[in-house]
Amino acid sequence: MSSVKRQKQRKVLLMGKSGAGKSSMRSIVFSNYVAKDVRRLAATIDVEHSNIKFMGNLTLNLWDCGGQDGFVENYLTHQRSHVFSSVAVLIFVFDIESREPHTDVVNYSNIIRALQEWSPSAKVFCLIHKMDLVQASRRAQTFEERTEYIRSASEGFRDTVEFYPTSIWDQSLYKAWTQVIYFLIPNASTIENLLEMLAEVIDARELILYERTTCLMVTHVTRGVEASNPYIDRFERISSILKTHKQSLAKHTGIPAGSANFAELQIKTGRFMFFITRLTENTNLAVTIPPSEHVFNAARVNIALARPRFADLDIGNRKRPVDADS
Amino acid sequence: TGKIPNTKTGDGKPRLLLMGQRRSGKSSISSVVFNKLAPSETLYLETTHRIHKESMHSFMDFQVWDLPAHIDYSDPAFDTEDIFSDISALIWVIDAQDEYYDAIQRLNTTILRLQESHPSIIIAVFVHKVDGLSEDYRTDTFRDIVQRVQDELCDAGFENAPVNFYQTSIYDHSIFEAFSKVIQKLIPELPSLEALLDALCASCRIEKAYLFDVLSKIYVATDTSPTDIGSYEICSDYIDVVVDISEIYGWERDEAEAAAEADDGGAVGDSGNKDAESLITMEKHGNNYLYLREINKYLALICIMGEDSATERKALIDYNVRVFQEALNRVFSR
Ligand SMILES: Nc1nc2c(ncn2[C@@H]2O[C@H](COP(=O)(O)OP(=O)(O)OP(=O)(O)O)[C@@H](O)[C@H]2O)c(=O)[nH]1
Ligand SMILES: Nc1nc2c(ncn2[C@@H]2O[C@H](COP(=O)(O)OP(=O)(O)O)[C@@H](O)[C@H]2O)c(=O)[nH]1
Ligand SMILES: [Mg+2]
């Protein structure tokens, strides 16, 4: 296991037709926009790069590729190798309300072929976006149909491509992006082992490790009775709750959303106790325990003691030059 | 005294009547505030043809009636006595994005009518859908509507009509704030609640304290220091966090399993606190934080702590909150 620190920058392409909602998603997940602010975004010109540091030695190098025809043409021809080489993940966004779904899929196939040529081992995630515009009762079926159609045009990625329905108006966005992040984290199992040990020591029902800026979950540990928690979508729900709360605090205190962090949040009820605290430079830990003051106090002490071990897995402490692409 | 909730007249419950032109947003408002419908889902609501009644059981019971746009007052079948009552509030919804001339006409006719039959009814005008308007245009539209309504009432010989105006949208907190203010007018105990909250703020150096109805996120009362929508928003958002997380982790556990967990967890039950409690400490302003405490089944106290209300004084806060809680439960003894 000598290679934990090897893969640092992971290139992620974000593609799809102009207006599909790529930049909206990116701004909400990575730049603290709220859903209703995205109307202010202008069409993306060429490629916009962002670097996002994650726990576990991962830096996302996100390429938001403007979807207007001229740009796409350019990606596929003059910039073909530049854009499509060494890609770890392609996220392709489909607008569910698109007026020309067939053209979208043809364009997708062209992208897929370029990807196959330059990064055959990449992973493809397709997001069927703006699902909020479809009436709730028809969502499942519409999604199913669209998915089948797109899969059939996925060529070499047919068997591995994953599909997620998304909307910026609910937590589905977090669900999809959490999957992407999890796929990219190189040392997820090391982190999980450490978390499991910690959970044991503090007698936690559940631990959720999430990244502080995006509020995306890195991983979680669930123990005992909590495994039957009926809210199986709770991880993305919590991401969404915390993100919204962060924005609310930022708005009220006048602190920029990027740094509007609480030092601690606690909730105590007769059924459970819960708190969120800083774990490392880039991560917070959400802890759920039985309703007991003893357990609560002991847990806080033990987490403080465990911090250095997690810090070793986190790259945020070390500053490094960011690759300049263009 | 005439206006005590839960005493007789008809079914005795205060009523909130939503009226206004078609597509002005009445059903949307009622669904968003009382049924938690997502604002974007209101696009699919159909036109209301008959009175839709919604009962709210909370710290006090009240009803929300969503009325169809075109009530024909001359129709003998339509009995105003049946609809309006002395303990109700009329909320007139005007679509600020649409032509509002007719709406104002109808509103004024209604106000003048009610002035004769139910002089003590509370009247509120929601200048609605303001989210679609630019800042300037919004202010102008609002002023214009207020002016027109008042001028016409004045012409009809009715000066200083007790009508309150609010700018609202279902896409932000404004609709909840406006509803809060209307409902507060139906609570006879309001002055005592405000006095209790003032006392609490003074003794714990709390910046702002709200008493919230947790389910609807309407605030029942706040201390008498100036209120701004920002404080309301942060408290309302905070309730969401606590309610959502409590839902996620407060699920019914199997008794036996939970007990087994309690055994090896050691002393469960040592907390003894059945009422949910929550606290947020900020990173940058070390002292600044939010505090929430369940007061009873329906109500929660939410406080914004100021720079000098330090966390170390938590014990003092706990004590004063308990005093507040007891006093409050005497006010609403149910
Ligand atoms: N209803 C709905 N609208 C959305 C959603 N996501 C984005 N939009 C809207 O879609 C429009 C286009 O969004 P962008 O993110 O700028 O699109 P883009 O894919 O980056 O477009 P290019 O940069 O030109 O490639 C905006 O007006 C958004 O408000 C969604 O989930 N639901
Ligand atoms: N932009 C905007 N649209 C709204 C608002 N409230 C309601 N609407 C829309 O107005 C339309 C009519 O609403 P509806 O509640 O059916 O009107 P009703 O006939 O008065 O009950 C719906 O399409 C709603 O989505 C608002 O605050 N802002
Ligand atoms: Mg864009």
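Please refer to the structure placed before this passage.
Predicted, not measured: the structure shown is a model, and the values here were computed from it.

(A) Spotlight on the site of ligand 2. All names here are of chain B. Contacts to ligand 2 come from 19 residues, most closely from Ser27, Ser28, Thr42, Lys129 and Asp131. In the model, an oxygen atom of ligand 2 is placed 2.9 Å from a nitrogen or oxygen of the Arg23 main chain. Within the side chain of Ser27, a nitrogen or oxygen atom sits 2.6 Å from an oxygen atom of ligand 2. Considered on its own, ligand 2 offers 590 Å² of accessible surface; in the complex 91% of this is hidden by protein. Looking at the shell around ligand 2, the element that brings in the most residues is helix α1 (residues 26-35), giving three residues. Here the residues of the shell around ligand 2 are counted per class, giving four nonpolar, ten polar and five charged.

(B) Spotlight on the coordination of the magnesium ion (ligand 3). All names here are of chain A. Around the magnesium ion (ligand 3), the protein supplies Ser23 (OG) and Thr44 (OG1) as donor atoms, at distances of 1.9 to 2.0 Å. Taken as a pair, Ser23 in helix α1 (residues 22-30) and Thr44 in the loop between α1 and β2 (47-54) lie far apart in primary sequence, 21 residues in all. By relative accessible area, which is 11% here, Ser23 ends up buried. Look at Thr44 and you get buried, because its relative accessible area is 7%.

(C) Main features of the packing of aromatic side chains. Residue and element names in this part refer to chain B. Evaluation of the coordinates by the stated rule reveals 19 aromatic pairs over all chains. Ring centres 5.8 Å apart and planes at 85° place the aromatic pair Phe126 and Tyr166 in the edge-to-face group. Of this pair, Phe126 sits in strand β5 (residues 122-128) while Tyr166 sits in strand β6 (residues 163-168), and the two are 40 residues apart along the sequence. For Phe126, a relative accessible area of 0% gives the class buried. Residue Tyr166 is classed as buried on the basis of its relative accessible area of 13%. A ring pair is formed by Tyr219 and Tyr232, whose centres lie 5.4 Å apart and whose planes are at 45°; its orientation type is tilted. Here the residue Tyr219 occupies a position in strand β8 (residues 218-222), and Tyr232 occupies one in helix α7 (residues 229-249), the gap between them amounting to 13 residues. When sorted by exposure, Tyr219 lands in the same class as Tyr232, which is buried.

(D) A look at the layout of surface pockets. All names here are of chain A. For the second largest pocket, the calculated volume is near 960 Å³. In this structure, the second largest pocket is lined by 38 residues; those nearest its centre are Ala35, Val38, Arg39, Ile168 and Trp169. A per-element tally of the lining of the second largest pocket places α1 first, with three residues. In the lining of the second largest pocket, the residues fall into 13 nonpolar, 14 polar and eleven charged.

Calculation rules
Think of each chain on its own: its residues are numbered from 1, step by step along the sequence as written. A letter from A marks each chain and a number from 1 marks each ligand, given out in the order of writing. Restriction of local features to residues with pLDDT of at least 70 applies here, the model being predicted, together with a cutoff of 80 or more for giving and counting side-chain atom pairs; totals for whole chains, interfaces and linings are based on all residues. As a rule here, side-chain values come from all non-hydrogen atoms in the structure, and water together with hydrogens is ignored. What makes a residue near a molecule or strand is one non-hydrogen atom of that residue sitting within 4 Å of it. Each polar contact in these results corresponds to two N or O atoms within 3.5 Å; when the atoms are within protein, one needs to be able to donate a hydrogen and the other to accept it, and residues that are neighboring in sequence are counted only if both atoms are side-chain atoms. Methods summary: accessible areas were calculated by the Shrake-Rupley approach with a probe of 1.4 Å, and residue burial reflects only the protein chains presented. Secondary structure is summarised from DSSP: a helix means a run of H or I of at least four residues, a strand means a run of E of at least two, and numbering begins at the N terminus for each. By the convention adopted, Pro, Cys, Tyr, Trp, Phe, Met, Ile, Leu, Val and Ala count as nonpolar, Lys, Arg, Asp and Glu as charged, and the other residues, Gly among them, as polar. A 2.8 Å cut-off from the metal defines N, O and S donors, relaxed to 3.2 Å for Na, K and Ca; water is not in the atom list, so some sites may appear incomplete. Whether a residue is buried, partly exposed or exposed follows from its accessible area with a 1.4 Å probe, protein chains only, as a fraction of its type maximum: under 20%, in between, or over 50%, in that order. Ring geometry is summarised as follows: Phe, Tyr and Trp rings, the Trp one being its six-membered ring, pair when their centres sit within 6.5 Å, and such pairs are stacked at plane angles under 30 degrees, edge-to-face over 60 and tilted between the two. Cavities and pockets were defined on a 1 Å grid built over protein atoms only: a cavity is a set of grid points that admits a 1.4 Å probe from which the probe cannot escape, a pocket is an open set flanked by protein on both sides within 12 Å along at least five of seven lines, and lining residues are those with an atom within 4 Å of any such point. Grid points are joined across faces, edges and corners, and a volume is the space filled by probe spheres set on the points.

This is a description of form; function is not addressed.
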